[in-house]
Amino acid sequence: MSNTDRRPAARELGGRAQTPGGPVLDLLPGKQVLLGESTVVRRLLPTLGRRMVGAWAFVDHYGPDDIATGPGMQVPPHPHTGLQTVSWLLEGEVQHRDSVGSDLRFGPGELALMTAGQGIAHSEQSPAGHPRYLHGAQLWVVLPEADRSVPAAFEHHPTLPGFTSDGLAATVLMGSFGGAESPGRAYTPLMGADLHLTAGADVEIPLEPDFEYALLTSSGAARVDDTPLTPGAMLYLGTGRRTLRLRAAEATRLLLLGGEPFEERIVMWWNFVGRSGEEISGFAEQWDAESRGGDRFGAVAGWDDVRMPAPPLPSMPLKPRGRVR
Ligand code: MN
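Since this is a predicted model, take the numbers as computed values, not measurements.

## A short note on the nonpolar core
Link 1 in the chain: Counting 67 residues, the largest nonpolar core has Trp56, Val59, Val86, Leu139, Met174, Met234 and Phe272 as its most contacted members.
Link 2 in the chain: In terms of residue count, the dominant contributor to this core is strand 12 (residues 133-142) (6 residues).
Link 3 in the chain: When sequence neighbours within four positions are dropped, the list of residues in contact with Val59 reads Arg42, Arg43, Leu44, Leu45, Gln138, Leu139, Leu216, Met234 and Leu257.
Link 4 in the chain: With 26 residues, the next largest nonpolar core counts Phe177, Ala201, Val203 and Leu254 among its residues.

The structure is reproduced here in structure tokens:
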């Protein structure tokens, strides 16, 4: 999906100043954000309390929404730079089209991984004849300096590896977890996994002590150590853990996100990630001018001239801030 905010704030992200040197349990409430005209999502990253988790820089959780009588998700072509979008559905279907020629309908359990690199445009829609419920997560991963200008690409992985143990079925979206490795291409050390806990589960999962982690509940409720976690919040776990104990009284779906703390400082505004305000302004100008020429982003088939214009740029200069380690 997309940041459709018409007055998006610029965010300065990255750097290690925010990363604790050991385990913490910070429960970070998300905020409700209206996307388009009818879709309300829970934005869990960035929040007031946290900017990034590893290279993960954006987390929206949406649904389950009953879209039987409505259009569902209808996001017209819009651009991205310097990031990957990770689309993950628990229910429903999404039609993805992009400017590298992808045209794909995907559903639960499938990984739709779009690498914007130097620039891409895409649209996301609930297709005609879609299922009644739509439920999923939209996640962004920031690309490191060495790879942020790679050619745009799209990967679809209809099945993903995972593992099961007593009370737990894990599916690996990105990176490695519990010995299973996602086929999705990652550019920094990170991981993302869907954890399906059965009712009454009491499990211990393996973590990398060098990674920072966060957990969110897609459905159900879990206890992490003794902290309850329900939909609408993210639990930041810090670093330095080798295991984590999870308990669930009812069947519960969690998303676990982790990675090496992202040390580069970046600027994120609207659907762009860059390294300076000037660069971001340039992306926005190029997107708005591209209907008259230019080829950073490209066209999405099937939309004619319909596209999401860039919001007005904030008046303040955008500069990345923070300590360099
Ligand atoms: Mn998007």
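## Quick look at the pairing of strand 19 (residues 201-206)
Link 1 in the chain: The side-chain alternation of strand 19 yields one buried face, formed by Ala201, Val203 and Ile205, and one unburied face, formed by Asp202, Glu204 and Pro206.
Link 2 in the chain: Of the strand pairs in this sheet, strand 19 and strand 24 (residues 243-248) are connected by 6 bridges, and their pairing is antiparallel. Bridge assignment links Glu204 to a residue of strand 24, and that residue is Arg245.

## Details of the layout of surface pockets
Link 1 in the chain: Volume-wise, the largest pocket comes out at about 280 Å³.
Link 2 in the chain: If you trace the largest pocket, you find 15 residues lining it, with Leu35, Gly36, Glu37, Gln74 and Pro76 closest to the centre.
Link 3 in the chain: Looking at the lining of the largest pocket, the elements that each hand over two or more residues are strand 3 (31-35) and strand 6 (74-80).
Link 4 in the chain: Among the elements that line the lining of the largest pocket, the one with the most residues is strand 6, at 3 residues.
Link 5 in the chain: Here the lining of the largest pocket is composed, by residue class, of 7 nonpolar, 6 polar and 2 charged.

## Observations regarding the pairing of strand 3
Consecutive side chains along a regular strand alternate between the two faces of the sheet.
Link 1 in the chain: By the bridge criterion, 5 bridges tie strand 3 to strand 4 (residues 39-45) in an arrangement that is antiparallel. Note on strand 4: the bridge partner recorded for Lys31 is Arg43.
Link 2 in the chain: What sits between the antiparallel neighbours strand 3 and strand 4 is a turn of 3 residues, in which Gly36 has the positive phi angle 65°.

## Brief notes about the packing of aromatic side chains
Link 1 in the chain: Summed over all chains, the structure comprises 9 aromatic pairs.
Link 2 in the chain: Here the aromatic rings of Phe211 and Tyr213 are separated by 6.0 Å at their centres, their planes lie at 40°, and the arrangement is tilted. Accessibility classification places Phe211 together with Tyr213 in one group, the buried group.
Link 3 in the chain: An aromatic cluster of at least three residues, connected via ring pairs, comprises Trp269, Trp270, Phe272, Phe283, Trp287 and Phe297.
Link 4 in the chain: Residue placement shows Arg50 over the ring face of Tyr236; its charged tip is 3.6 Å from the ring centre.
Link 5 in the chain: Sitting over the ring of Trp287, Arg307 keeps its end group 3.7 Å from the ring centre.

## What to know about the sheet that holds strand 6
Link 1 in the chain: Here 4 strands make up an open sheet; going across it, the order is 6-11-8-9 and the pairing antiparallel. On the outer flanks of this sheet lie strand 6 and strand 9 (103-106), each paired with one strand and no other. With strand direction ignored, the average angle separating the axes of adjacent strands in the sheet is 20°.
Link 2 in the chain: Of the pairings in the sheet, the one linking strand 8 (residues 94-98) to strand 9 comprises 4 bridges and is antiparallel in character. Paired with His96 across the two strands is Leu104, which belongs to strand 9.

## Concerning the sheet that holds strand 24
Link 1 in the chain: Ordered by their spatial adjacency, 4 strands build an open sheet running 19-24-21-22, and the pairing between neighbours is antiparallel. Here the strands that pair on one side only, and so sit at the sheet edges, are strand 19 and strand 22 (227-229). On average, adjacent strands in this sheet sit at an angle of 30° to one another, irrespective of strand direction.
Link 2 in the chain: In this sheet, strand 24 lies alongside strand 21 (residues 222-224) in antiparallel orientation, the contact comprising 2 bridges. Along strand 24, the bridge assignment pairs Arg223 with Arg247.

## Section: the side chain of Arg50
Link 1 in the chain: Relative to the helices and strands, Arg50 resides in the loop between strand 4 and strand 5 (56-66).
Link 2 in the chain: Taking relative accessible area as the criterion, Arg50 reaches 5% and is therefore assigned buried.
Link 3 in the chain: In terms of polar contacts, Arg50 uses its side chain to reach the backbone carbonyl oxygen of Met52, at 3.4 Å.
Link 4 in the chain: Apart from the residues within four sequence positions on either side, Arg50 is in contact with Gln18, Pro20, Leu28, Leu45, Glu212 and Tyr236.

What counts and what doesn't
- Residues numbered from 1 in each chain as written.
- Predicted model: local features only at pLDDT ≥ 70, side-chain atom pairs only at ≥ 80, totals over all residues.
- Heavy atoms only, no water.
- Core = buried A, V, L, I, M, F, W, Y, C linked by side-chain atoms within 4.5 Å.
- Buried < 20%, exposed > 50% of the residue type's maximum accessible area, 1.4 Å probe, protein only.
- Helix = DSSP H or I, 4+ residues; strand = E, 2+ residues; numbered from the N terminus.
- Contact = heavy atoms within 4.5 Å.
- Pairing = 2+ DSSP bridges.
- 1 Å grid on protein atoms, 1.4 Å probe; cavity = no way out; pocket = protein on both sides within 12 Å on 5 of 7 lines; lining within 4 Å.
- Points joined across faces, edges and corners; volume = space filled by probe spheres on them.
- Nonpolar A, V, L, I, M, F, W, Y, C, P; charged D, E, K, R; others polar.
- Phe/Tyr/Trp six-rings, centres within 6.5 Å; stacked < 30°, edge-to-face > 60°.
- Lys NZ or Arg CZ within 6 Å of the ring centre and 35° of its normal.
- Axes fitted to C-alpha atoms, helices over the stretch in contact; angles between N-to-C directions.
- Polar contact = N/O pair within 3.5 Å; in protein donor to acceptor, adjacent residues only side chain to side chain.

Honestly, that's just the spatial picture; any functional story needs more than this.
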